[in-house]
Amino acid sequence: RMLPAESLHRETCFKHGTAFCMVLGGDMMVTKSLVEQIRQNKFESASFINKNIHRMISSADILCFNFEGVISRKISHRTKILPPYFSFGAPPEFISFIKSLHSDPVISLANNHSLDFDLDGLMEMMDLFTESGIRYVGAGKTKEEAIQPVIRSVGSLRFAISAYTDLLPPQYYAQSNRLGVAAL
């Protein structure tokens, strides 16, 4: 049953007879102004996000969203031909913000901005997520890893979460021996 966002949190889901609460977010766009606003809040979400939405996100059994950008120490290194405002990057501290949203999110990296800072930026972001315990889908060191779903269980239910894209030049798709994103 679909419920309005402002009323959603774990207790509301159970009150309406729902066995679990899954939040599927859209794109988290990492603009310079967003990074600066979050930096001013010391990379914590509680004071930055609407309280009802934060409660819904943080109490969900499963949170999954698409991360449109790159988390890297090298966000000034761009290889894209497009103007700089089409590249989205955030410093490694941004991971604290993501972790403040939910204790165990699943992040999709299968999108046209995961390679805004080339394959090195993607690799660093995957390493940072792995080091911090954040699971991601849609990218990997090989094609097999990039298409591997993350499995989440809630009670007796199991969910396979995966992500793919078709918005990139062929050299950015993962191959059997090459890092990249999952091709649709």
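Refer to the structure presented above.
It should be emphasised that the depicted structure is a prediction, and the values quoted were computed from it without experimental measurement.

(A) Region of the structure containing the pattern of salt bridges. Summed over all chains, the structure comprises three salt bridges. Across the pair Arg 39 and Glu 36 runs a salt bridge, and its minimum N-O distance is 3.3 Å. Here Arg 39 pairs with Glu 36, and both are found in helix α2 (residues 32–40), just three residues apart, close to one helical turn. Among the ionic pairs, Arg 73 bridges to Glu 124, the shortest N-O distance being 2.7 Å. Residue Arg 73 is found in the loop between β3 (70–71) and β4 (89–90), and its partner Glu 124 is found in helix α5 (residues 118–132); the two are separated by 51 residues along the sequence. Judged by relative accessible area, which is 60%, Arg 73 ranks as exposed.

(B) Looking closely at the nonpolar core. In terms of nonpolar packing, the biggest core is built from 40 residues, with Phe 67, Ile 71, Phe 94, Leu 109 and Phe 129 touching the most fellow members. Mapped onto this core, the elements with two or more residues apiece are β1 (22–29), α2, α3 (51–59), β2 (62–68), β3, α4 (94–101) and α5. Setting aside its immediate chain neighbours within four residues, Phe 129 contacts Ile 71, Ile 95, Ile 98, Ile 107, Leu 109, Ile 134 and Tyr 136. Ranked by size, the runner-up nonpolar core spans ten residues in total, among them Val 106, Ala 110, Phe 159 and Ala 163.

(C) Inspection of the environment of Gly 140 at higher detail. Note on placement: Gly 140 falls in strand β7 (residues 139–140). Sequence separation between Gly 140 and Arg 178 is 38 residues; the distance between their C-alpha atoms is 8.6 Å. In contact with Gly 140, other than residues within four places in its own chain, are Met 126, Glu 145, Ala 146, Ala 174, Leu 179 and Gly 180.

(D) Examining the packing of aromatic side chains more closely. This structure, assessed with the given rule, holds five aromatic pairs. On the numbers, 6.2 Å between centres and 90° between planes, the contact of Phe 67 with Phe 129 is edge-to-face. With Phe 67 in strand β2 and Phe 129 in helix α5, the pair connects residues that are 62 residues apart, well separated along the chain. With relative accessibility at 0%, the residue Phe 67 sits in the buried group. Judged by centre distance (6.4 Å) and plane angle (40°), the rings of Phe 129 and Tyr 136 are tilted. Take Phe 129 and Tyr 136: they sit in the same class, and that class is buried.

(E) Examining unusual backbone geometry more closely. The phi dihedral of Asp 118 falls on the positive side, at around 65°, and the residue is not glycine. Looking at where Asp 118 falls in the secondary structure, it is placed in helix α5. What makes Asp 118 partly exposed here is its relative accessible area of 23%.

(F) Fine view of the pairing of β2. Burial analysis of β2 places seven of its seven residues in the buried class, the great majority of the element. Neither face of β2 is left uncovered, since the one carrying Ile 62, Cys 64, Asn 66 and Glu 68 and the one carrying Leu 63, Phe 65 and Phe 67 both have all their residues buried. Relative to β2, β1 runs parallel, the two being bridged by six bridges. The partner of Met 28 across the bridge, within β2, is Phe 67. Looking at chain direction, β2 and strand β5 (residues 106–108) are connected through three bridges and run parallel.

Criteria and cut-off values
- Residues numbered from 1 in each chain as written.
- Predicted model: local features only at pLDDT ≥ 70, side-chain atom pairs only at ≥ 80, totals over all residues.
- Heavy atoms only, no water.
- Salt bridge = Lys/Arg side-chain N within 4 Å of Asp/Glu carboxyl O.
- Helix = DSSP H or I, 4+ residues; strand = E, 2+ residues; numbered from the N terminus.
- Buried < 20%, exposed > 50% of the residue type's maximum accessible area, 1.4 Å probe, protein only.
- Core = buried A, V, L, I, M, F, W, Y, C linked by side-chain atoms within 4.5 Å.
- Contact = heavy atoms within 4.5 Å.
- Phe/Tyr/Trp six-rings, centres within 6.5 Å; stacked < 30°, edge-to-face > 60°.
- Pairing = 2+ DSSP bridges.

Distances and angles like these do not, on their own, reveal function.
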